[in-house]
Structure formats: C-alpha cells, structure tokens
Amino acid sequence: MIQAFEELHSRVFRQRDIESILKVHRAKWRLAQTTGTREFIDYLKESGKLKKLEFPFPRRKEIRYTWGVAPLEEALLTLKPNIHFSHYTAVRMHGLTEQDPKRIYLNFEQLSEGTASGNLVQERIDHAFSRPQRVTNNECRIGELRICLLNGRKTGYLGVETRDVSVGNGPETVSARVTDIERTLIDITVRPSYAGGVAEVLKAYERAGSQASVNRLAALLIQLDHTYPYHQAVGFYLERSGAYSASMIDLFYGKFAREFDFYLTYQMEKPRFDSKWRLFVPRGF
C-alpha cells in the first residue's frame, strides 16, 4: 500500500480519490469487502504518511489528504476546478513585493456572465466609491495564514498562466495557475484592499516596469471590459511609478476616453484630484 502511494504522481487527495485507489487495489491488497474508505484512511494515517488537512471555510469545510509533506500551495489548487492564485499572492509569486503577505488569495470564476447593472453615470460612481470596498468573508485560517477564496467574474480565465512558483523559503517549486503580470496589475488596481493598499499597488507597478507590457495592459483592459473606468487608475499608476517611458504612457493615454471623474480607491477623505487622469487620489499619495 505504501509503495503504491509513493509511486503516485499526486501528493494531494480528496476522499473520493482515496476511495478510487482502494477500489482499484482492494483485491491485490487482499482487503475485505467490509473495509471502508474511512477505515482505510485511518490505517494509512497510523501506518503510513497520510496526513489530514482541513480548510474550515464558513460556507463549506474542505478536507484534503497529503502523502508525506506537500506544499500548501499544491493542496490549495485542488479546492476548486480551474482555481488560480491572484491579487497579493500573484504579486508575491511574480516578485513584485518585498512583503511576505499572511493572506493567500485564490480566484475561481463564476459560471455565468452576470447581468449589466445599468448605464454608468457620475452619481453612481461617486456613491459607490464613497463607501468601504466590499471584501470576501469566504476565508479560513491555517496556522498564521488566512486563505481567501474569491469568486471572480467570468472572463474565460483571461491572463491566467501556468508557471513554476517558489514555495516557502526554500528552493522547492510547484507548477501553479496564477494571473500573469499584466492581469495581476489590473486586478490589484480594481481591488487594492486585496493587495495591501494603494501604496503596495504602486510598488508593484514600479517593480514590474522591466517586465510588464503596457500594450498588453491596454489590450487586457479592453477585453475585460470593466463597468468602471479602471484604465484611468492604471494610467495614473503607470505614470506615478516612474518605471515606464513617457511614450508608453502617451500611447496608453490615447487608447481610452476619460468621460468620468474616477477614484483610485474607496472611501477617501479629502482626496486630491489629478486632472490628467480625471482621478481622485489619497491626499499626500
């Protein structure tokens, strides 16, 4: 039994995965038909290297089993189909921050497109950004970490890539689905509270200067087709970071209209107004 688990490619299992393994090997291992999945799991925990990992999310508790020591990131990628790392976690995985965030953000997309919520008017923008930003409560604690599950809008996983990312403080890597640099910059512009705030977002733009494509940023923004004019905030970050050439910023500026006054973040007190980008930003920022 132990050899069979040692030879498996995966180190992370759902209960139904272990049930399938038991079904395939029951005769070879000469196990009685009365040996159930729970009994089998208990035996592997006592005699082998099987470990139980619980994710007590408020909406639904998830349980995974690992064979030996497996990176937490590997287990997290089994929580939902097509789930991927995003926001501050993607910022860290791309090396765009010096911080070690204690929240891990994962995103899985909604199944439906959603419905349009009416024409955009200035009063609607002002009202929305005068209040605190909505944040998910679908999170759980694992040790000192908080795992946040975000149910993002349907985009066809635009800008999501599979790449090797480092885990822990050692040299080990895992293959993971994560938003690419440009999609990450857009996501943290839309939800700065999921990235440590606007100062951390600005630092990410600064550190991404040698890697991010401004043309791709613009193309993704057009494809994502957000209701609010987040291109004004993206343009401000590009210019304010000082990491992108004036010609790049001018090209970006020319691709979008600026029909409304917009906000860099939510619930700002006495913000200042940037007339070029028609954008309210925190005073002193």
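Before any of the text, the structure's been laid out above.
The structure presented is a predicted model; accordingly, all values stated were derived computationally and were not measured. (Residues numbered from 1 in each chain as written. Predicted model: local features only at pLDDT ≥ 70, side-chain atom pairs only at ≥ 80, totals over all residues. Heavy atoms only, no water.)

A few points about the overall build of the protein
Here is step 1: When you go through the protein residue by residue, the secondary structure sums to 11 helices and 12 strands.
Here is step 2: Dimensions of the protein, computed from the C-alpha atoms along their principal axes, are close to 75 × 40 × 30 Å.
Here is step 3: Classification of the 285 residues of the protein by burial places 48% in the buried group.
Here is step 4: A fraction of 64% describes how many contacts in the protein between residues 6 or more apart in sequence connect residues 24 or more apart.
Here is step 5: Element-wise, carbon and sulfur atoms account for 47% of the exposed surface of the protein, whose accessible area totals about 15,200 Å².
Here is step 6: Averaging the coordinates of the 42 positive side-chain charges in the protein and doing the same for the 34 negative ones gives two points 4 Å apart. (Helix = DSSP H or I, 4+ residues; strand = E, 2+ residues; numbered from the N terminus. Buried < 20%, exposed > 50% of the residue type's maximum accessible area, 1.4 Å probe, protein only. Contact = heavy atoms within 4.5 Å. Areas by Shrake-Rupley, 256 points an atom, 1.4 Å probe, with all protein chains shown as cover. Lys, Arg positive; Asp, Glu negative; His and termini not counted. Charge placed at Lys NZ, Arg CZ, Asp CG, Glu CD.)

Looking at the sheet that holds strand S11 (residues 272-274)
Here is step 1: The three strands are arranged S10-S12-S11 in an open sheet whose pairing can be described as mixed. A strand with exactly one partner marks an edge of an open sheet, and here the two such strands are strand S10 (262-263) and S11.
Here is step 2: With two bridges joining them, S10 and strand S12 (residues 279-281) adopt parallel strand pairing. For Tyr263, the partnering residue across the bridge sits in S12 and is Phe280.
Here is step 3: Helix H10 (residues 230-241) rests against S10, S11 and S12 of the sheet, and its axis sits at about 60° to S12. (Pairing = 2+ DSSP bridges. Axes fitted to C-alpha atoms, helices over the stretch in contact; angles between N-to-C directions.)

Remarks on the sheet that holds strand S3 (residues 61-67)
Whether parallel or antiparallel, the strands of a sheet pair through hydrogen bonds between backbone atoms.
Here is step 1: Taken in spatial order, the three strands of this open sheet run S1-S3-S2, and their pairing is antiparallel. Looking at the sheet topology across the chains shown, the edges are occupied by strand S1 (12-13) and strand S2 (50-56).
Here is step 2: Of the pairings in the sheet, the one linking S1 to S3 comprises two bridges and is antiparallel in character. The partner of Phe13 across the bridge, within S3, is Tyr65.

Thoughts on the packing of helix H2 (residues 15-25) against helix H3 (residues 37-47)
Here is step 1: Between H2 and H3, the least distance of the axes is 10 Å, while the angle of their chain directions is 95°. Relative to H3, H2 is oriented roughly perpendicular. The residues of H3 that touch H2, namely those facing Gln15, Ile18, Glu19 and Leu22, are Thr37, Arg38, Phe40 and Ile41.
Here is step 2: Of the residues in the contact of H2 with H3, the class split is four nonpolar, two polar and two charged. (Parallel < 35°, antiparallel > 145°, perpendicular 65-115°, else oblique. Nonpolar A, V, L, I, M, F, W, Y, C, P; charged D, E, K, R; others polar.)

Here's the deal with the pattern of salt bridges
Here is step 1: With the rule as written, the count across this model stands at 20 salt bridges.
Here is step 2: The partner of Lys61 in a salt bridge is Glu54, and the shortest N-O contact between them spans 3.8 Å.
Here is step 3: Residue classification places Lys61 among the partly exposed residues on the basis of a relative accessible area of 47%.
Here is step 4: The closest approach of N and O atoms between Arg60 and Glu62, which form a salt bridge, is 3.7 Å.
Here is step 5: For Glu62, a relative accessible area of 9% translates into the label buried.
Here is step 6: Where salt bridges share partners, they join Lys52, Glu54 and Lys61 into one cluster. (Salt bridge = Lys/Arg side-chain N within 4 Å of Asp/Glu carboxyl O.)

Honestly, it's all geometry; don't read function into it.
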